[in-house]
Amino acid sequence: MTNKNVIPKIDLSSLIINGVKSPQSFDTIKEIKKACREVGFFTVINHGISNTSIENILSNSKKFFSLPLEQKLIFSPQKWNKKSNTFYRGYFPSTVNGKEGLDIGDPQLTTSMKELTQKEKFEVNHDMSSIDSDWQLNINDYYDQVFNLGMILFKALISCISDNVELVDIAFQRPKTFSTL
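These notes cover the structure that comes with them. (Residues numbered from 1 in each chain as written. Predicted model: local features only at pLDDT ≥ 70, side-chain atom pairs only at ≥ 80, totals over all residues. Heavy atoms only, no water.)

One side chain can pair with another of opposite charge once the charged atoms of both are near each other. One pass over the structure, following the stated rule, counts seven salt bridges. Note that Lys 63 is salt-bridged to Asp 132, the shortest N-O span being 2.5 Å. Highlighted residues: Lys 63 in helix H3 (residues 51–65) and Asp 132 in the loop between helix H5 (114–117) and helix H6 (135–159), separated in sequence by 69 residues. Judged by relative accessible area, which is 38%, Lys 63 ranks as partly exposed. Its salt-bridge partner being Asp 106, residue Arg 174 comes within 2.7 Å of it at the nearest N-O pair. Of this pair, Arg 174 sits in the segment after helix H7 (167–171) while Asp 106 sits in the loop between strand S4 (101–103) and H5, and the two are 68 residues apart along the sequence. (Salt bridge = Lys/Arg side-chain N within 4 Å of Asp/Glu carboxyl O. Helix = DSSP H or I, 4+ residues; strand = E, 2+ residues; numbered from the N terminus. Buried < 20%, exposed > 50% of the residue type's maximum accessible area, 1.4 Å probe, protein only.)

Below is the structure:
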């Protein structure tokens, strides 16, 4: 067996087009169940995230991560930027876990949502418009698409063991979820 065959590649087009409960999606659900049981991982193709959205977010990411460290730290949580109003959201340097990153929560969460923002870990994202004026539009678009894909994948996983895939809609209500991009 070669390494390229170890992690299955699953075509999600039937789930995207027909939905998880559709008879046309049955074979894809079986592939997902088999991959989870036998390997524990799988990759996906035809996932429904547009190439434009991927290209836009990649462009924004390249702009951000090419900035000098001092500029990136402006968008850090309080641990690295004492002036920050976040504890979890924002840039973290590579000294944290060997890679630098940018922790982004649901862009639908706004400061006007006092009931949520006053709870621990519900934080509004940093305003990144100074890096790129299209930043927020691109993040919103990409986050929406990835979130929707996640919902489809969760429903597919649940359908492997139960018919009650609506549990996903209850468990992951935006912006009342801790989903992180």
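This part takes up a nonpolar patch on the surface. Taken together, the side chains of Val 6, Ile 7, Val 39 and Phe 41 make up a nonpolar region of the molecular surface, amounting to roughly 330 Å² of accessible area. When you line up the elements, Val 39 lands in the loop between helix H2 (26–38) and strand S2 (43–45). You can call Val 39 partly exposed: its relative accessible area is 33%. (Patch = residues over 30% accessible without salt bridge, like charges linked within 9 Å, V, L, I, M, F, W, Y side chains within 5 Å. Areas by Shrake-Rupley, 256 points an atom, 1.4 Å probe, with all protein chains shown as cover.)

What follows deals with the packing of H3 against H6. In the contact formed by H3 and H6, the axes pass within 9 Å of each other and the chain directions differ by 130 degrees. When the axes of H3 and H6 are compared, the pair comes out oblique. Between H3 and H6 lies a crossing of left-handed hand. Touching Ser 53, Ile 54, Asn 56, Ile 57, Asn 60 and Phe 64 of H3 are Trp 135, Asn 138, Ile 139, Asp 141, Tyr 142 and Gln 145, all from H6. When its residues are assigned to classes, the contact of H3 with H6 shows six nonpolar, five polar and one charged. (Axes fitted to C-alpha atoms, helices over the stretch in contact; angles between N-to-C directions. Parallel < 35°, antiparallel > 145°, perpendicular 65-115°, else oblique. Left-handed = near helix turned anticlockwise from the far one by under 90°. Contact = heavy atoms within 4.5 Å. Nonpolar A, V, L, I, M, F, W, Y, C, P; charged D, E, K, R; others polar.)

Residue Arg 174 is joined to Pro 175 through a cis peptide bond whose omega torsion reads -5 degrees. Relative to the helices and strands, Pro 175 resides in the segment after H7. Of note in the backbone geometry, Asn 46 takes a positive phi value of approximately 50 degrees without being a glycine. Locating Asn 46 in the fold gives a position in the loop between S2 and H3. The partly exposed category is assigned to Asn 46, whose relative accessible area is 44%.

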